[in-house]
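# Analysis of the macromolecular model
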Amino acid sequence: MSIQSVTCHVAVCDVCGTVFGSDRDSGCAVHATTRDAAVEAVHADHEWLVTTDGRVICLLGDPAHQAALDTLLPPAPEAVCDGQTALDI
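Every chain's residues receive numbers from 1 upward, in the order its sequence appears when written. Selection of residues for local features in this predicted model requires a pLDDT of at least 70, selection of side-chain atom pairs for listing and counting requires 80 or more, and totals for whole chains, interfaces and linings are taken over all residues. To obtain the side-chain values, all non-hydrogen atoms of the structure were included, while hydrogens and water were left out.

## Points about the overall build of the protein
Here is the rule we go by: Numbering of helices and strands runs from the N terminus; a helix is a DSSP stretch of H or I covering at least four residues, while a strand is a stretch of E covering at least two. Burial classes follow relative accessibility: with a 1.4 Å probe on protein chains only, a residue under 20% of its type's maximum area counts as buried, one over 50% as exposed, and anything between as partly exposed. Any two residues whose heavy atoms approach within 4.5 Å are treated as being in contact.
Within the protein, the regular secondary structure consists of two helices and two strands. Counting helices and strands in the order they occur from the N terminus, the protein gives α-β-β-α. The burial tally for the protein puts 20% of its 89 residues in the buried class. Residue pairs at least 24 apart in sequence account for 34% of intrachain contacts in the protein once pairs closer than 6 positions are excluded.

## Comments concerning the side chain of Thr51
Secondary-structure assignment places Thr51 in the loop between strand S1 (48-50) and strand S2 (56-58). The class for Thr51 is buried, based on a relative accessible area of 11%. The contact partners of Thr51, leaving out residues within four places of it in the chain, are Ile57 and Leu72.

As structure tokens, then:
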């Protein structure tokens, strides 16, 4: 039996460092043979996100994760209608 070095790819949340798959009951990280395969595995899970710029984010509901998601959204448009009275609350 030979011993070989094998390189694998795992997705890791850029916010909290959780390894993709380790948060499941099995506790075993998902290992892929290529970066693209790791990205595809994350895309198949509705609790994880890969952004267009390559960041990986698990969708925990804490303020740090929400802040990371908020940076992906465009700024809220100003609601302006002709003749609208501004509400200064």
